[in-house]
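Coordinate inspection notes
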Amino acid sequence: EFRRVKLDKALIDNITSSARSVDIVRGIGRMATDLGMEVVAEGVETAEQFTALRSLGIPFAQGYHFARPMKPLVLLPFLLGKPVPVEQRTLRVAG
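**Focus on the pattern of salt bridges**
Applying the stated criterion across every chain yields a total of five salt bridges. Across the pair Lys9 and Asp13 runs a salt bridge, and its minimum N-O distance is 2.6 Å. On the criterion of helical spacing, the pair formed by Lys9 and Asp13 is a turn pair, its members being four residues apart in helix α1 (residues 9–13). A relative accessible area of 36% means that Asp13 is categorised as partly exposed. Note that Arg26 and Asp23 form a salt bridge whose closest N and O atoms lie 3.4 Å from each other. Note that Arg26 and Asp23 are positioned in helix α2 (residues 19–34) at a spacing of three residues, about one turn of the helix. For Arg26, a relative accessible area of 28% translates into the label partly exposed. A single salt-bridge network, built from bridges that share partners, covers Lys9, Asp13 and Glu45.

What counts and what doesn't
Residues numbered from 1 in each chain as written. Predicted model: local features only at pLDDT ≥ 70, side-chain atom pairs only at ≥ 80, totals over all residues. Heavy atoms only, no water. Salt bridge = Lys/Arg side-chain N within 4 Å of Asp/Glu carboxyl O. Helix = DSSP H or I, 4+ residues; strand = E, 2+ residues; numbered from the N terminus. Buried < 20%, exposed > 50% of the residue type's maximum accessible area, 1.4 Å probe, protein only.

Below is the structure:
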């Protein structure tokens, strides 16, 4: 059973400039909400895109606007608000 709908980056790319993208995202969001599903926007790269999505009732988003992909060694400190200095981001093997 599906519990989550992910909006593809192709829809998100034009969310601030295309009325058609806005209408599609709004429609998918409403349908998913009516079915009790979560909606996640993928590929959010700007604050403007995130603001537009929030205004359309899309509560979850992921993408470079929030963070770039990172190694596990860096992830936990990032989540705890204690970023690892760049020079310490490589995993060293004892030897």
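Anyway, onward from the coordinates.
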